[in-house]
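# Remarks on the overall topology
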Protein chains: 2
Amino acid sequence: MTGTQIVGEASREYWLTGLHPDSPPTTTRDNAANRLLAAARDAFFEDGYQGTTTRAIAKRAGMSPAAMYIHYASKQEMLLKICLLGHRACYESLLAAASVQGGAMKRLRSAVFDFTAWHAHNHVIGRVVQYELRFLDEDNFAEVAQVRRDIHEVVESIVREGVRTGAFAVSNVPATTLAILSLSIDSVRWFPSHSVSNEEELAAHYVALVDRMVAVTT
Amino acid sequence: MTGTQIVGEASREYWLTGLHPDSPPTTTRDNAANRLLAAARDAFFEDGYQGTTTRAIAKRAGMSPAAMYIHYASKQEMLLKICLLGHRACYESLLAAASVQGGAMKRLRSAVFDFTAWHAHNHVIGRVVQYELRFLDEDNFAEVAQVRRDIHEVVESIVREGVRTGAFAVSNVPATTLAILSLSIDSVRWFPSHSVSNEEELAAHYVALVDRMVAVTT
């Protein structure tokens, strides 16, 4: 399954900190820093960043606030770490998928499948990241925003390439890229739903829709 | 502009409470209940529902907490009112757009244009509603969820009709409907962006993409 692949350093770190939905429970149970991070993610998910105190995070992790500060200076630092781990793992996975051998259509299909499955599979951290991103301090936000631009560029470069080679007919490359990414990212808001609860079915469906969005019709 | 049209009772109420982005400033300035509602929206937007106290809302509105309780029993009541006003105005606008005379393609284009422009134009309340919806109490959530189902049904019925008459070729009607709505709704997360900052251009672009998603290709 695409969303679970370990494709490189960033995915490996994401996995090892225990934030990945399929990380073994021991990665958080046996490591205080990881346990705090998972507690922060769950607290931000349930109560929002602003509604969460560092005390509440420590309590969820079964630790004292004093013990928490050994690992993290603030909840802001935990939010940054969660955002960076999530974004970097997603970027790395997308980059690998987009690097498949073949023309623009094959590469776009691979990228959209991966990006959609990733967001559906990782919708808990995905929702935290997308909803709470606005609470990052300016410098921290800038760091995450760079990864977001890199993600955008992976897809935009494929769309540009497809237009250049005549494989795609697209009237507005940046706006179409934004639409493709937006469609997949928004799955964190509602996935799983009554009508779609399998992430690979969703990914395949979105590949078919994006195919149509960029296709040359004669 | 679609997002500013007053099409019926719900849009009128949304406009008169001063939450509409183009409502005259007097609607909130001269009415304490409206001023509190606008203050609640801004506070939820900036600090999240859980990060906002009733005291902070009263302060933003230039009132005492005691004076606030004359108008609203709790911040939960304010969140519900904001969610209902936003959803009902959006639904009413969509319904009017979907009722245009013509075949399924014409009706879908009208609906997608309206729904996209509405979300882009009303992205502030849209973001509050989409991000803070999870903090509604069970009964309140159920009330808003019904409007969400009605919204979904407006679009799904058009897609179903288009498939029935052969105007559309769609492999999975509920999943395609979800994708269409998801694409437009997600604009509240990022609109305006560097590459797309005009809501009607965005709406027209999404109409063209959705056209392709459902088109019969020969």
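Residues numbered from 1 in each chain as written. Chains lettered and ligands numbered in written order. Predicted model: local features only at pLDDT ≥ 70, side-chain atom pairs only at ≥ 80, totals over all residues. Heavy atoms only, no water.

## Observations concerning the overall build of chain A
Along the backbone of chain A there are 12 helices and zero strands. Shown N-terminal to C-terminal, the secondary structure of chain A runs as helices and strands in the order α-α-α-α-α-α-α-α-α-α-α-α. Whereas a compact globule of 218 residues would reach a radius of gyration of roughly 17 Å, chain A reaches 18 Å, a difference of no more than 12%. In terms of overall dimensions, chain A has a C-alpha envelope of 65 × 35 × 30 Å along the principal axes. Relative to its 218 residues, chain A shows a buried fraction of 55%. Long-range pairs, those at least 24 residues apart, make up 65% of the contacts in chain A between residues at least 6 apart in sequence. Split by element, the accessible area of chain A, about 9100 Å² in all, is 51% carbon and sulfur. Distance from the positive charge centre (21 side chains) to the negative charge centre (24 side chains) of chain A: 2 Å. (Helix = DSSP H or I, 4+ residues; strand = E, 2+ residues; numbered from the N terminus. Rg over C-alpha atoms; globule rule 2.2 N^0.38 Å. Buried < 20%, exposed > 50% of the residue type's maximum accessible area, 1.4 Å probe, protein only. Contact = heavy atoms within 4.5 Å. Areas by Shrake-Rupley, 256 points an atom, 1.4 Å probe, with all protein chains shown as cover. Lys, Arg positive; Asp, Glu negative; His and termini not counted. Charge placed at Lys NZ, Arg CZ, Asp CG, Glu CD.)

## Here we look at the relation of the copies chain B and chain A
Take chain B, turn it by 180°, move it 0.0 Å along the axis, and it overlays chain A with an RMSD of 0.0 Å. With respect to symmetry, the two chain copies, as superposed, fit the operation of a two-fold axis. (Least-squares fit on C-alpha atoms with pLDDT ≥ 70 in both.)

## Structural notes on the packing of helix H10 (residues 173–185) of chain A against helix H12 (residues 199–214) of chain B
Put simply, H10 of chain A and H12 of chain B touch, their axes get as near as 11 Å, and they point 65° apart. Of the possible angle classes, the one that applies to H10 of chain A and H12 of chain B is roughly perpendicular. In this structure, the crossing between H10 of chain A and H12 of chain B has a hand that is right-handed. Side by side, H10 of chain A and H12 of chain B meet where Ala175, Thr176, Ala179 and Ser182 of chain A of the first sit next to His205, Tyr206 and Leu209 of chain B of the second. Considering only residue class, the contact of H10 of chain A with H12 of chain B consists of four nonpolar, three polar and no charged. (Axes fitted to C-alpha atoms, helices over the stretch in contact; angles between N-to-C directions. Parallel < 35°, antiparallel > 145°, perpendicular 65-115°, else oblique. Left-handed = near helix turned anticlockwise from the far one by under 90°. Nonpolar A, V, L, I, M, F, W, Y, C, P; charged D, E, K, R; others polar.)

## Description of the interface of chain B and chain A
Accessible area lost when the parts come together is the quantity often used to give the size of an interface. Between chain B and chain A, the contact holds 37 residues from the first and 37 residues from the second. Buried surface at the junction of chain B and chain A, summed over both partners, amounts to about 3000 Å²; 55% is from carbon and sulfur atoms. Of all residues in chain B, the largest losses of buried area upon contact with chain A belong to Arg134, Arg189 and Arg212 of chain B, amounting jointly to 20% of the total for that side. At the boundary of chain B with chain A, the tally comes to two salt bridges. For Glu132 of chain A, the salt bridge identified is with Arg134 of chain B, shortest N-O distance 2.9 Å. Going through the elements one at a time, helix H3 (32–47), helix H8 (123–132), helix H10 (173–185), helix H11 (187–190) and H12 of chain B are the ones with two or more residues in the side of chain B that touches chain A. No other element matches the eight residues that H10 of chain B contributes to the side of chain B that touches chain A. When grouped by side-chain class, the residues that make up the side of chain B that touches chain A number 18 nonpolar, 11 polar and eight charged. (Buried area = accessible area lost by both parts, 1.4 Å probe. Salt bridge = Lys/Arg side-chain N within 4 Å of Asp/Glu carboxyl O.)

## With respect to the state of the cysteines
On inspection of all chains with the given rule, the structure shows zero disulfides over all chains. For the unlinked cysteine Cys90 of chain A, the closest cysteine sulfur is that of Cys83 of chain A, found at 12 Å. (Disulfide = S-S within 2.5 Å.)

## Some details on the UniProt feature "domain: HTH tetR-type" (unreviewed entry) in chain A
Within this structure's numbering, the places UniProt gives as "domain: HTH tetR-type" (unreviewed entry) are residues 30–90 of chain A. Split by type, residues 30–90 of chain A is 75% helix and 0% strand. Its first and last C-alpha atoms lie 25 Å apart. (UniProt positions renumbered as here; feature names shortened; annotations may be inferred.)

## Let's talk about the pattern of salt bridges
Residues and elements named next belong to chain A. Following the criterion strictly, the structure yields 20 salt bridges over all chains and no others. Of the charged contacts in the structure, one is a salt bridge between Asp211 and Arg109, with a shortest N-O distance of 2.6 Å. Here Asp211 is found in helix H12 (residues 199–214), whereas its partner Arg109 is found in helix H7 (residues 104–121), with 102 residues between them in sequence. Several salt bridges converge on common partners, so that one network encompasses Glu153, Glu156 and Arg160.

## Re unusual backbone geometry
Pro192 of chain A follows Phe191 of chain A through a cis peptide bond whose omega is -10°. In this fold, Pro192 of chain A is placed in the loop between helix H11 (187–190) and H12.

## Focus: the UniProt feature "DNA-binding region" (unreviewed entry) in chain A
Residues given the UniProt feature "DNA-binding region" (unreviewed entry) here are residues 53–72 of chain A. The span residues 53–72 of chain A is 70% helix and 0% strand, and its two end C-alpha atoms sit 13 Å from each other.

## Here we look at helix H9 (residues 138–165) of chain A
Each full turn of the α-helix corresponds to 3.6 residues, which orients residues three or four apart in the same direction. All names here are of chain A. With 28 residues, H9 should reach 40 Å at 1.5 Å per residue; the first-to-last C-alpha distance of 40 Å fits that figure. Residues of H9 that are buried include every one of Asn140, Val144, Ala145, Val147, Ile151, His152, Val154, Val155, Glu156, Ile158, Val159 and Gly162, and no others. In the core, the buried residues of H9 are packed alongside helix H6 (75–98), H7 and H10. (Expected span 1.5 Å × (residues − 1).)

## As for the side chain of His205 of chain A
Looking at the element boundaries, His205 of chain A is found in helix H12. Within the structure, the side chain of His205 of chain A is placed 3.2 Å from the side chain of Thr176 of chain B, a separation counted as a polar contact. If we skip the residues at most four places from it in the chain, His205 of chain A touches Ser171, Asn172, Ala175 and Thr176 of chain B. (Polar contact = N/O pair within 3.5 Å; in protein donor to acceptor, adjacent residues only side chain to side chain.)

## Let's talk about H3 of chain B
All names here are of chain B. A rise of 1.5 Å per residue sets the reference length of H3, with its 16 residues, at 22 Å; its end C-alpha atoms lie 22 Å apart and thus fit the reference within 8%. Looking only at H3, the buried set comprises Ala33, Asn34, Leu36, Leu37, Ala38, Ala39, Ala40, Arg41, Ala43 and Phe44. Tucked inside the fold, the buried residues of H3 contact helix H1 (9–16), helix H2 (26–29), helix H4 (54–60), helix H5 (65–71), helix H6 (75–98) and H8.

## A word on the packing of aromatic side chains
All names here are of chain A. According to the stated counting rule, one finds nine aromatic pairs over all chains in the structure shown. Relative to Phe135, the ring of Tyr49 has its centre 5.9 Å away and its plane inclined at 20°; by these criteria the two rings are stacked. Placement of Tyr49 in the loop between helix H3 (32–47) and helix H4 (54–60) and of Phe135 in the loop between helix H8 (123–132) and H9 is noted, with a sequence separation of 86 residues between them. Classification of Tyr49 as buried rests on a relative accessible area of 6%. Judged by relative accessible area, which is 9%, Phe135 ranks as buried. Here the aromatic residues Phe44, Tyr49 and Phe135 are joined through ring pairs into a cluster of three or more. (Phe/Tyr/Trp six-rings, centres within 6.5 Å; stacked < 30°, edge-to-face > 60°.)

## Things to note about the environment of Ala10 of chain B
If you trace the backbone, Ala10 of chain B turns up in helix H1. Residue classification places Ala10 of chain B among the buried positions, given a relative accessible area of 16%.

## Looking at the side chain of Ser187 of chain B
If you trace the backbone, Ser187 of chain B turns up in helix H11. Those residues in contact with Ser187 of chain B that sit more than four places away from it in its chain are Thr116, His119, Ala120 and Leu202 of chain B.

## Observations regarding the environment of Met105 of chain A
Structurally, the position occupied by Met105 of chain A is in helix H7. When near neighbours in sequence (up to four residues on either side) are disregarded, Met105 of chain A contacts Phe168, Asp211 and Val214 of chain A.

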